[in-house]
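Examination of the molecular architecture
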Amino acid sequence: MVEQKKNPRKSLIWYCVIVLAVMAVLNTILLPQFSRMKTKEVDYSTFLTMLENGEVKQVEKDGDVIAFNSTNENDPFIYVTGAWDDPDLVDRLTQAGVQFTKVVPREESPWLSLLIGLVLPTALLWGAGYLLMRSMQKKMGGPNAMSFGKSNAKIYVAAQTGKTFADVAGEDEAKEALKEIVDFLHDPKKYESIGATMPKGALLVGPPGTGKTLLAKAVAGEANVPFFSISGSEFVEMFVGMGAAKVRDLFKQAQEKAPCIVFIDEIDTIGKKRDSAGLTGNDEREQTLNQLLTEMDGFDGKKGVVILAATNRPETLDKALLRPGRFDRRIPVELPDLQGRESILRVHAQDVKLGPDIDFSAIARATAGASGAELANIINEAALRAVRLGRFAVTQEDLEESVEVILAGYQRKSAVIAPKEKQIVAYHEIGHALVAAKQTDSAPVHKITIVPRTSGALGYTMQVAEDESVLMSREEIFNKIATLTGGRSAEELIFGTCTSGASNDIEQATKLARSMVTRLGMSEKFGMIALETQSNKYLGGDTSLACSEGTARQVDEEVITLIGKAHEKAFSILKENLPALHELAHYLLEKETITGEEFMEILKKYDSPAALEG
Ligand code: ADP
Ligand code: MG
Ligand code: ZN
């Protein structure tokens, strides 16, 4: 552990220093004479002269070379000379009384030479390579970057996820389905004795942020068994075959630890439909998927390995993954309903100090369509706002403000808006609110503001439904479109022109009108014909037309007619209520933010018969 913290470059330098030191030591021990030797080359005649003068002490002959040293103790040289092919050499040497010998080629120890010649360099190279690799791993992130074929599945035990079903609010059906799995892991015998086998895999499907990952963690926390968690993207590797190896490794580990849970998050990354066209095929992904299919077939469900997976794109999954014996159980994790939203808010507010005026039910009603993650975010945003304003508890106002933050972006305090623009925005917002209020079947206005947001919205009209209805009638949808066109209608009515501020309204209105015609069977012209298919139900729902070109043109015409009618309706509502529109707009201009009650108070004056007469 300590080692890993070291700078890899530093340890590489240390390594070199140590290697050099070892080499130096070896040099002085193994080859001492060479290190101290100084040689001097001389002629053969010089050798003969020195020999005659008695200056030669000892002679060695090595092939054609004669080496000798001097009798002079202070002469450090070893003299070398070419061996003259001298037949009398032996006689001369004997005469001079010098020791002489012929050098037998020195036979080194075979082990030593092997050590020096082969093993040592290999070891050195290997060492350097190892260090290099380690420093590379550091740069590539994580010690596993180069550990081929090892899965990085993390093992969680109950204490580590720390989540239980109590942390998951709402989603009762999903919890019910998962509880069965937990029960099986606790007591497999009960199921075995009846002859029931647990499904091998369960697939959690639902939009992002609805708590799929959270649910899987809660299962692990409740079941008290090892929990292997890996994300689909972790299988996608640089090299072909690595992902498959990881899958193999993961299942091997899981079977050793059974009973246990294997959780594959975002399984769509590897579980996409395999293409029949080989050209665009991704070999690596396909191999990984095939391996996963094989492994799921291969292991025994009775052993107690349960595989959970999560995805928000179930329609892209390969059919083979969904067939019986694999992920044969589908657990929908849908966006929370009114009650679900309220309980999610409560769960996340547990650790937050709350003021006395908190009304979670109102917040839940104002956030239809929000996911669990967004609701958690709303609570946190409200707490942050309370801190920013130097308060010690979160108030209802904080919560309402943070709903707008999540849904429409931050309040832009510093931006200066020209008075004329502010006036237009005020009329625009009151236009929405008035049209909504004057129609039946539309959600009451909760709050209107013309404090601009950083998201670009210059104003905002917040409607809060009384309760949550699952079904929307044709009239309700049409009224909603009329409400959306109310802003632009007010601009036209009062200023005789229109501004760019209505772009978002237009987009929403068009979307609604289009779905009325193409998917909800609500147009007189086409009736109950599906003219569009939705491809990504959980991710915004991209649609594609499924009809002929001629029909597509007619669809466009139908949408145009619908929105035109709604626009007309909104315009005439505003025209009939012109005095109310003026008063409300001026009131809003002055106060910048008004509540639904204030709005209704003013509106009521115009509703009474007395006002009509006067
Ligand atoms: P998903 O995996 O479906 O995209 P997550 O499980 O990652 O969503 O959820 C993100 C966060 O949102 C969770 O950590 C949790 O704080 C919050 N959350 C989502 N759904 C719920 C829920 N039903 N109850 C409580 N908290 C939730
Ligand atoms: Mg997730
Ligand atoms: Zn608008």
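Remember, predicted model here, so these are calculated numbers, not experimental data.

So, the coordination of the zinc ion (ligand 3)
For the zinc ion (ligand 3), the protein coordination sphere consists of His428 (NE2), His432 (NE2) and Asp505 (OD), at 2.0 to 2.1 Å. Written as a sequence motif, the donor residues of the zinc ion (ligand 3) are H-x3-H-x72-D. Of this pair, His428 and His432 both sit in helix α19 (residues 419-437), four residues apart, roughly one helical turn. Note on accessibility: His428 and His432 belong to one class, buried.

Examining the UniProt feature "binding site: Zn(2+)" (unreviewed entry) in the protein chain
Within the UniProt annotation, "binding site: Zn(2+)" (unreviewed entry) is assigned to His428, His432 and Asp505. The annotated residues occupy 78 residues of the chain but converge on a single region, no pair of C-alpha atoms lying more than 10.9 Å apart. Those residues in contact with His428, other than ones at most four positions away along the chain, are Gly487, Arg488, Ala490, Glu491, Gly501, Ala502 and Asp505. Of the residues examined, His432 reaches a relative accessible area of 8% and is grouped as buried.

Points about the packing of α19 against helix α22 (residues 549-576)
In contact at an axis separation of 9 Å, α19 and α22 are set at 95° when each is read in the N-to-C sense. Relative to α22, the element α19 is oriented roughly perpendicular. Along the contact surface, α19 presents Gly431, Leu434 and Val435, while α22 presents Ala570, Ile573 and Leu574. Broken down by class, the residue content of the contact of α19 with α22 amounts to five nonpolar, one polar and no charged.

Looking at the pairing of strand β2 (residues 56-62)
Sheet topology places β2 next to strand β3 (residues 65-70); six bridges connect them, and they run antiparallel. Its bridge partner lying in β3, Val56 is registered against Ser70. The hairpin formed by β2 and β3 contains two residues between the paired strands, and Gly63 there has a positive phi angle of roughly 65°.

Brief notes about the UniProt feature "transmembrane region" (unreviewed entry) in the protein chain
As annotated in UniProt, the feature "transmembrane region" (unreviewed entry) corresponds to residues 12-31 and 111-132 in the numbering used here. The annotated region residues 111-132 carries 100% helix and 0% strand content, and the separation between its end C-alpha atoms amounts to 30 Å.

Remarks on the side chain of Thr551
Assignment of secondary structure puts Thr551 in helix α22. Sequence-distant contacts of Thr551, defined by excluding residues within four places in its chain, comprise Phe526 and Leu531.

Details of helix α17 (residues 372-388)
When the terminal C-alpha atoms of α17 are compared, their 24 Å separation across 17 residues agrees well with the 24 Å that a helix rising 1.5 Å per residue should span. Listed as buried for α17 are Gly372, Leu375, Ala376, Ile378, Ile379, Glu381, Ala382, Ala383, Arg385 and Ala386. Backbone geometry just downstream of α17 places Gly390 in the positive-phi region, at approximately 70°.

Quick word on the site of ligand 1
Near ligand 1 there are 15 residues, and of these Ala169, Gly209, Lys212, Thr213 and His348 occur at the shortest range. Note that an oxygen atom of ligand 1 is positioned 2.7 Å from one of the backbone N or O atoms of Gly209. Contacts to ligand 1 include Lys212, whose side-chain N or O atom sits 2.7 Å from an oxygen atom. When the free accessible area of ligand 1 is taken as 560 Å², the share hidden by the protein chains comes to 79%. Listing elements by their share of the shell around ligand 1, those giving two or more residues are α10 (212-223), α15 (338-349) and α17. Top contributing element to the shell around ligand 1 by residue count: α10, with three residues. Looking at the shell around ligand 1 residue by residue, the class counts come to six nonpolar, six polar and three charged.

Some thoughts on the sheet that holds strand β13 (residues 460-463)
Strand order in the open sheet made by the three strands is β13-β12-β16, with antiparallel pairing throughout. Each having just a single partner strand, β13 and β16 (593-595) make up the two edges of the open sheet. Direction aside, neighbouring strands of the sheet carry axes that sit 10° apart on average. Across three bridges, the pairing between strand β12 (residues 445-449) and β16 is antiparallel. Each residue of the ladder has a partner; that of Thr449, found in β16, is Thr593. Sheet contacts for helix α23 (residues 578-591): β12 and β16; angle to β16, the most-contacted strand, approximately 120°.

Side note on the packing of aromatic side chains
Going through the model one piece at a time under the given rule, you end up with seven aromatic pairs. Both rings, one in Tyr44 and one in Phe47, keep their centres 5.7 Å apart while their planes meet at 40°; by these two values the pair is tilted. Linking Tyr44 with Phe47, this pair stays in helix α4 (residues 44-52), spanning three residues, or about one helical turn. We classify Tyr44 as buried; its relative accessible area is 10%. A ring pair is formed by Phe184 and Tyr191, whose centres lie 5.5 Å apart and whose planes are at 85°; its orientation type is edge-to-face. The same class applies to Phe184 and to Tyr191, which are both buried.

Quick notes on the sheet that holds strand β4 (residues 77-82)
Read across the sheet, five strands follow the order β1-β4-β3-β2-β5 without closing on themselves; strand pairing throughout is mixed. Two strands close off the open sheet at either side, each with one partner strand: β1 (38-41) and β5 (99-102). Strand-to-strand, the axes of this sheet are offset by a mean angle of 25°, without reference to chain direction. Pairing between β2 and β5: four bridges, direction parallel. Of the residues in β5, the one forming a bridge with Glu60 is Thr101.

Focus on a negative patch on the surface
Residues Asp172, Glu173, Glu176, Glu334 and Asp337 make up a contiguous surface patch of negative charge. Here Glu173 is to be found in helix α8 (residues 172-186). The exposed category is assigned to Glu173, whose relative accessible area is 70%.

Observations concerning the pairing of strand β10 (residues 305-311)
Burial within β10 is extensive, with seven of its seven residues counted as buried. Residue alternation in β10 divides its side chains into two sets, Val305, Ile307, Ala309 and Thr311 and Val306, Leu308 and Ala310, and both sets are buried. Pairing geometry for strand β7 (residues 201-205) and β10, over five bridges, is parallel. When the sheet's bridge partners are listed, Ala202 is paired in β10 with Leu308. One ladder, built from five bridges, connects strand β9 (residues 260-265) with β10; its direction is parallel. When the bridges of β10 are listed, Cys260 appears paired with Val305.

Scoring rules and cut-offs
Residues numbered from 1 in each chain as written. Chains lettered and ligands numbered in written order. Predicted model: local features only at pLDDT ≥ 70, side-chain atom pairs only at ≥ 80, totals over all residues. Heavy atoms only, no water. Donors = N, O, S within 2.8 Å, 3.2 Å for Na, K, Ca; no water. Helix = DSSP H or I, 4+ residues; strand = E, 2+ residues; numbered from the N terminus. Buried < 20%, exposed > 50% of the residue type's maximum accessible area, 1.4 Å probe, protein only. UniProt positions renumbered as here; feature names shortened; annotations may be inferred. Contact = heavy atoms within 4.5 Å. Axes fitted to C-alpha atoms, helices over the stretch in contact; angles between N-to-C directions. Parallel < 35°, antiparallel > 145°, perpendicular 65-115°, else oblique. Nonpolar A, V, L, I, M, F, W, Y, C, P; charged D, E, K, R; others polar. Pairing = 2+ DSSP bridges. Expected span 1.5 Å × (residues − 1). Near = heavy atom within 4 Å. Polar contact = N/O pair within 3.5 Å; in protein donor to acceptor, adjacent residues only side chain to side chain. Areas by Shrake-Rupley, 256 points an atom, 1.4 Å probe, with all protein chains shown as cover. Phe/Tyr/Trp six-rings, centres within 6.5 Å; stacked < 30°, edge-to-face > 60°. Patch = residues over 30% accessible without salt bridge, like charges linked within 9 Å, V, L, I, M, F, W, Y side chains within 5 Å. Salt bridge = Lys/Arg side-chain N within 4 Å of Asp/Glu carboxyl O. Lys, Arg positive; Asp, Glu negative; His and termini not counted. Charge placed at Lys NZ, Arg CZ, Asp CG, Glu CD.

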